[in-house]
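Architecture and fold: a report
Now for the letters of each chain:
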Amino acid sequence: MTGAMPKQKTDINATDKPVLGMILKGYPRISETFISNEIHQLEQKGVRLRLFSMRRPRERFTHESVKKIQAPVDYLPHSLLLYFPILLYHNLLLFVKRPGNFKRAAKIALRRLLRNRRIATIKHLLQAGYLAHQLLPQSGVAHLHAHFAHSPTSVAMFASQLADLPFSFTAHAKDIYTSDSEQLREKVERAEFVVTCTEYNKRFLLETAHGGGTPVHRIYHGIDLQLFSNDIESRKKNGPPFTIVTVARITPKKGLATVYKALRLLCDQGVALRHILIGDGEDRGKILKLINELGLNDVTQWLGTQPHEVVLEHYRKADLFVLGCEIAKNGDRDGIPNVLMECMAMGVPVVATHVSAIPELVVDGKTGLLVPPGEPEKMARAMDRLLTDDDMRIQIIAAARKRIIEQFDNRTLIEDLAGHFRAAGL
C-alpha cells in the first residue's frame, strides 16, 4: 500500500467511563491555545478524551499547556492521494459490516458533493470511514465533538452516521462565515448541540438554521487568569518611545494595513514609538512590503510566530496593544481575539475595531477604545489618546481587568461546557 499508516497512541488509562472523541483540524497548533487549554481543563473536570487530528503539527514548538494533556492522539490519513489505498481498504470493510450506515453517509456526501463540487467531501467521508472502522472500536468513545464548523465537523457528521454516535461541534469564526450556508445548516440540524464563542456567532447560526431545534450554546473561550500577572496598580508606561504590540496571524481580516498606516500618522505627529508584530500568515510579504513603503522599518520589529511564554513577556513591556480587525472580502472575520483578553488581563490597554463580537469584550471608552475598521486616522487618534491621557488610561486598565475576571475566566466558563458533555452522558 502507498504511504505508512499514521501512528496511533495507546490509551494507558482505560476505564469504563465513556470517552469524548474530539476531532481537530490539527494538533497541537500554536495559534489555538484556547483549544489546548479547553482540553486540559475538561480533563481536570473528569472528562475522558481521545483526540483525532486531521493534520500533524506544522510548528517545531508548542505551548506549555499541551504538555499537561493526557488524552491519547490519533492522526487521520491527511492526504487522499497518498493514503487512498488505506482509506479505501477500511471503508470497504466498513461497508461490508454496516452497509446501511455507509449508504446513508454516502447519500449525504453525494448531495453535498453535487452542491459544492469539492473533492474534499469525498476525503472527509473516507476519513470518517477510517475513523469509524480503525480507531473508534474499543476506544470507549460515546460522543464525537469537532472544533471548527468546516472540515472537522464534516468528518464528525459522517462518522456519526457510520458509527451510530451522536456528535456536536464548536463553531468559531472563519469556519462559520466562509462556509456554504446550506452545508452549515445541515450540520447544525444533525448535531446534538452546537457551541460557539460569541453572541454574534450564535445569532448568525440560529438564523442560518432557520430556527431549527438544535440547541446553540454561547460559551466564551475565556483565558486562564493564573497565567497573567495582577500588577495593575503598579503598571506604568515605559515610553516614550512607546512600545506598541500586535499579535495576530498576518491575514486580511486582522487589518494590519490599517494599523501601520495609523503608526505612520503617529510618527508624522512626532510620537516616539516602536512596534512589535508577532505572528505569521499568507499576507506576510504584503505587510512587510507595506512597512517598508511607509518608512517604518526603523520602528517596527517582526518576530514571526512565538511561543506563548514569549508573547507574555512582550505584553509585560507593552504600553499599548492594537489590532485592526475587519471583514475580509471572502466574509472571513474574527470572533473575539483571545489576544485582546490576554492584554486586558495583564493591564495593557487595547485599541481595536467595531467588528463582529469585539464589542462584547471591549466596551468603547470603558474597557478599551474602538474605532471603525479601515480608518487609520481614527485609529491613530485612539492610540495617541490611550498613550497620553493618563486618567483615561488608568480607568480603562482597571475596568478591563475587572471585566475579564467577571466574564472571561475560563475556569468558570469550562464548567458550562463540561455540563453539556455530562448531559450527553460523558
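Coordinates for the structure precede this section.
Residues numbered from 1 in each chain as written. Predicted model: local features only at pLDDT ≥ 70, side-chain atom pairs only at ≥ 80, totals over all residues. Heavy atoms only, no water.

Concerning the packing of helix H13 (residues 338-346) against helix H16 (residues 390-407)
- H16 packs onto H13 with a crossing angle of 120 degrees between their chain directions and a minimal axis gap of 7 Å. When the interaxial angle is binned, H13 and H16 end up oblique. Every pair of crossing elements has a handedness; the one defined by H13 and H16 is left-handed. Between H13 and H16, the residues in contact are Met-341, Met-344 and Ala-345 and Ala-400, Arg-401 and Ile-404, respectively.
- Here the residues of the contact of H13 with H16 sort into 5 nonpolar, no polar and 1 charged. (Axes fitted to C-alpha atoms, helices over the stretch in contact; angles between N-to-C directions. Helix = DSSP H or I, 4+ residues; strand = E, 2+ residues; numbered from the N terminus. Parallel < 35°, antiparallel > 145°, perpendicular 65-115°, else oblique. Left-handed = near helix turned anticlockwise from the far one by under 90°. Contact = heavy atoms within 4.5 Å. Nonpolar A, V, L, I, M, F, W, Y, C, P; charged D, E, K, R; others polar.)

Description of the pattern of salt bridges
- Evaluated as defined, the whole model comprises 20 salt bridges.
- Note that Arg-190 is salt-bridged to Glu-186, the shortest N-O span being 3.9 Å. With Arg-190 and Glu-186 both in helix H8 (residues 181-190) and 4 residues apart, the pair spans about one turn of that helix.
- Arg-190 sits in the partly exposed class, given a relative accessible area of 35%.
- Residue Glu-186 is classed as buried on the basis of its relative accessible area, which comes to 5%.
- Its salt-bridge partner being Arg-249, residue Glu-282 comes within 3.3 Å of it at the nearest N-O pair. Of the two residues, Glu-282 sits in the loop between strand S9 (273-278) and helix H11 (284-293) while Arg-249 sits in the loop between strand S8 (242-247) and helix H10 (256-268), which places them 33 residues apart along the sequence.
- With a relative accessible area of 57%, Glu-282 lands in the exposed category.
- Accessibility expressed as a relative area gives 42% for Arg-249, which makes it partly exposed.
- Each of Arg-111, Arg-112, Arg-115, Glu-186 and Arg-190 takes part in one network of salt bridges that share partners. (Salt bridge = Lys/Arg side-chain N within 4 Å of Asp/Glu carboxyl O. Buried < 20%, exposed > 50% of the residue type's maximum accessible area, 1.4 Å probe, protein only.)

Let's talk about the side chain of Lys-253
- Mapped onto the fold, Lys-253 is located in the loop between S8 and H10.
- Owing to a relative accessible area of 13%, Lys-253 belongs among the buried residues under this scheme.
- Leave out the neighbours within four places in its chain, and Lys-253 touches Lys-174, Cys-325, Glu-326, Ala-328, Asp-332, Arg-333 and Asp-334.

Description of the nonpolar core
- Of all hydrophobic cores here, the largest spans 61 residues; its most connected members are Tyr-315 and Phe-321.
- Looking at which element gives the most residues to this core, the answer is H13, with 7 residues. (Core = buried A, V, L, I, M, F, W, Y, C linked by side-chain atoms within 4.5 Å.)

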